[in-house]
Structure formats: C-alpha cells, structure tokens
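Chains, contacts and geometry: an overview
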Amino acid sequence: IFYWLFFSPNISIESKKIDFYIKTNTSFDQLLENIKPYIKSKKSFELASKFKKFNKNIKPGKYIISKSMGNNQLINSLRVNNIPIKVTFNNLERIEDLASVISKQLEVDSLFLINQLLNKDFLKTNGFNIDNALSMYIPNSYQLFWNTNPASFQKRMHKEYMKFWNLKRTSRAKEINLTPLQVSVLASIVKKESAIKEERPFIAGVYLNRLKKKIKLQADPTVIYSIKQKEKNFNKIIKRVFFRDLNIDSKYNTYKYFGLPPGPICMPDITSIDAVLNYKKHDYLFFVANPKRQGYHSFSKSLKEHNYYRRIYLNWLRKRD
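This is a predicted model, so every value here is computed, not measured. (Residues numbered from 1 in each chain as written. Predicted model: local features only at pLDDT ≥ 70, side-chain atom pairs only at ≥ 80, totals over all residues. Heavy atoms only, no water.)

A short note on the overall build of the protein chain
In terms of helices and strands, the protein chain carries 14 helices and six strands. Here the C-alpha radius of gyration of the protein chain, 27 Å, is well above what a compact globule of 321 residues would show, namely 20 Å. On the principal axes, the C-alpha backbone points of the protein chain span a range of 90 × 45 × 35 Å. Looking at the protein chain residue by residue over its 321 residues, the buried ones come to 48%. (Helix = DSSP H or I, 4+ residues; strand = E, 2+ residues; numbered from the N terminus. Rg over C-alpha atoms; globule rule 2.2 N^0.38 Å. Buried < 20%, exposed > 50% of the residue type's maximum accessible area, 1.4 Å probe, protein only.)

Now the structure itself:
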C-alpha cells in the first residue's frame, strides 16, 4: 500500500512528458480537478499530498509532469521545480502592445501589466516618464517564471536595461552628446526608416548631422506615428506620407517641431541603438528611397541633389500607380 501510494507510476499521459501550469491562488481542490486528466488515481494523489502536507502549500508556476512519475516524485516536483520560460518581445510600438505580448506568455493580466508599466512613481524614480517608458524594454529573450507578477516583471526589465547600458554604451552616448534615452528615441526612428541593418549607421549619421546643424529631422516615420496617435488607431497601415500630413500638430511630428520627439515611436532593437552609438560619419543631410535598390536609400549633401533623387523616386511611384 505504501509503494502504491507514493512510488507506483500514477501518470496517465500519451507523451513522455507534458507542461502543467498552476495559477496563482489555486486551491488544493482546484489543483485536484486540473491534474485529474493526467493521473490514474486521483484518490492516491490526494492522500499522498495530505500526508506530505502539499495540500497546504500550493505554489504557482510551470511544471513538468513525466510519464514515469509516482505521487512522491510528482508532489516533490510541484513543490520546488517551477521551470522558467523564455519570454521574447520585439518590434512593438507602444507599452500597450508590450503588455499584450507579455500577457500571452506569462500569467499576468494585460490591463494590470499596462497599469504597472505606466506607474508614474516607478518611472519617476528610475528617470523615465510616460512618453519614454518604452525605452526601458530592450528587445530580447529573457528567462522568467510563468507566474512573474507585473511589478517583478518591470523590476527585472529595469535591471536588464541597466545591464545593457553599460559603461561602454553610456560613455559612447556622452561622446555624441546624447543621453541613453535620446539614443533610444533616435534609434526608434532609424529602425523605422530602414530594415537594412548595414544602412542604419548612415541614416543615424544624417539625423545627427541635422541635430548638430539645428535642422528639423523631418522623418516620415514620426509623421506616421503622429497620424496613428491622433486617430487612436495603431493598426492602421500607412504606406506613404503626403504633404497634407506634414502639418499635423503633434509633439512627435519632426516636420513641425525641432529636435527629437519626447519618446520612441517604436521599440528600437539592439542593432538600431548600436547604429546610433556607432553612426557613420559623413556630410549627408538628406536621403530618399532608392527604387533601383529595394530597401536602400540615396543619400545627398545638398537640397539640390536630394531633389534630383526625390524626382526619380516620385516618377517610379507614378509609374507603379
């Protein structure tokens, strides 16, 4: 009877192992119902759990149930083997998007997560605000427990942010007269301008040249962001910016206002951030899409030269109707 209760295999699954999740505040009765489809004898598991006092110490998390487990091994595993999962995020435009992506990977509720990520006290304490809060999240994959709560997630991401902005990167930002937050804002524009990673340092160089000369950045992606923000529709697809769009009154519109926007227009990836920090030094002040090299741009030092390349691009657009 002792062997049957604790060591006899009590798992009823077809595969060798499965993932099993225990939500926060799960009662023992709820756990019994949730695990029932995967065990042969609910009664023996219940008795063994009470004998080992597991019924009074349910811990949330992600666990592995193996086919060969007896109750003793299963209970011990559910006690201490909370397995971290890989959480990944990138290519997002807003805090709301980040919360949505994370809530699909962790137990956290997206609304609670949004409220925490925009917590003014936390942001102010750590040198951020609502406009630039997205800068704190460096796109990557991270090992986190499935039951990580919103506050713990935010603290972990801040720790990763501080680790990313090491002495080398912060020193380089200082050399180009930008703060890490300003680097992230500019990197978000650079990322939106080009998907070609090797071209991004050239584009960063153009914008840094314009900042030095106190010329408006006039970045089309900032206009697109302004339109989406004004219409409260970030799912809208905008393929082309028209002259009528350039006058939209938004602090993110770099055609209307000098300098950098108050925050990033998307979550810049690491290559975009490093493209700004290690920008290509040149004398270019303009660039426009190059129809002869899809994805690339034609760079110019003067407005006259820029208008020449711009006409080529506009003619190409007209031919494509």
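Structure shown, so let's carry the discussion forward.
Details of the environment of Arg172
Along the chain, the position of Arg172 falls in helix α9 (residues 167-175). Here the alpha-carbon distance between Arg172 and Ile35, two residues 137 residues apart in the chain, equals 54 Å. Within the structure, Arg172 has its side chain in polar contact with the side chain of Glu175 (distance 2.8 Å). (Polar contact = N/O pair within 3.5 Å; in protein donor to acceptor, adjacent residues only side chain to side chain.)

Digging into the layout of surface pockets
By volume, the largest pocket amounts to about 1500 Å³. Around the largest pocket sit 45 residues that line it, and Glu193, Asp220, Val241, Val288 and Tyr313 are the ones nearest its centre. Of all the secondary structure elements, the ones that give two or more residues to the lining of the largest pocket are α10 (180-193), α11 (200-212), α12 (220-231), β5 (286-289) and α14 (303-319). Sorting elements by how many residues they give to the lining of the largest pocket places α14 first, with seven residues. Of the residues contributing to the lining of the largest pocket, the split by class is 28 nonpolar, seven polar and 10 charged. Approximately 280 Å³ is the volume attributed to the second largest pocket. Lining the second largest pocket are 15 residues, with Arg94, Glu96, Ile130, Tyr225 and Tyr252 positioned closest to its centre. (1 Å grid on protein atoms, 1.4 Å probe; cavity = no way out; pocket = protein on both sides within 12 Å on 5 of 7 lines; lining within 4 Å. Points joined across faces, edges and corners; volume = space filled by probe spheres on them. Nonpolar A, V, L, I, M, F, W, Y, C, P; charged D, E, K, R; others polar.)

So, the nonpolar core
Counting residues in hydrophobic clusters, the biggest one holds 56 residues, and the most contacted among them are Phe89, Ile102, Tyr137, Phe153, Tyr207 and Val276. Examining the composition of this core, we find that six residues originate from one element, α10, more than from any other. Not counting the four nearest positions on each side in its chain, Val276 is found in contact with Ile176, Leu178, Val183, Leu186, Ala187, Val190, Ala204 and Leu208. Counting residues in each nonpolar core, the second largest holds 22 residues, with Leu5, Ile11, Ile13 and Ile18 among its members. (Core = buried A, V, L, I, M, F, W, Y, C linked by side-chain atoms within 4.5 Å. Contact = heavy atoms within 4.5 Å.)

Brief notes about the pattern of salt bridges
The final tally for this structure, using the stated rule, is 13 salt bridges. One salt bridge connects Lys163 with Glu160, and the closest N-O pair in it is separated by 3.8 Å. Residue Lys163 and its partner Glu160 are located together in helix α8 (residues 150-164), separated by three residues, close to a single helical turn. We classify Lys163 as exposed; its relative accessible area is 54%. With its nearest N and O atoms 3.1 Å apart, the salt bridge here joins Arg169 to Asp274. (Salt bridge = Lys/Arg side-chain N within 4 Å of Asp/Glu carboxyl O.)

Notes on the packing of aromatic side chains
Summed over all chains, the structure comprises 19 aromatic pairs. Taking the centre distance of 5.7 Å and the plane angle of 80° together, the rings of Tyr207 and Phe287 count as edge-to-face. Of the two residues, Tyr207 sits in helix α11 while Phe287 sits in strand β5, which places them 80 residues apart along the sequence. Tyr207 sits in the buried class, given a relative accessible area of 1%. With relative accessibility at 14%, the residue Phe287 sits in the buried group. The rings of Phe2, Tyr3, Phe6, Phe7 and Phe51 are connected pair by pair, giving a single aromatic cluster. Sitting above the plane of the Phe164 ring, Arg169 keeps its charged end 3.8 Å from the centroid. Here Lys216 stacks its cationic end above the ring of Phe258, 5.2 Å away from the centre of that ring. (Phe/Tyr/Trp six-rings, centres within 6.5 Å; stacked < 30°, edge-to-face > 60°. Lys NZ or Arg CZ within 6 Å of the ring centre and 35° of its normal.)

Purely geometric stuff here, so don't read any function into it on its own.
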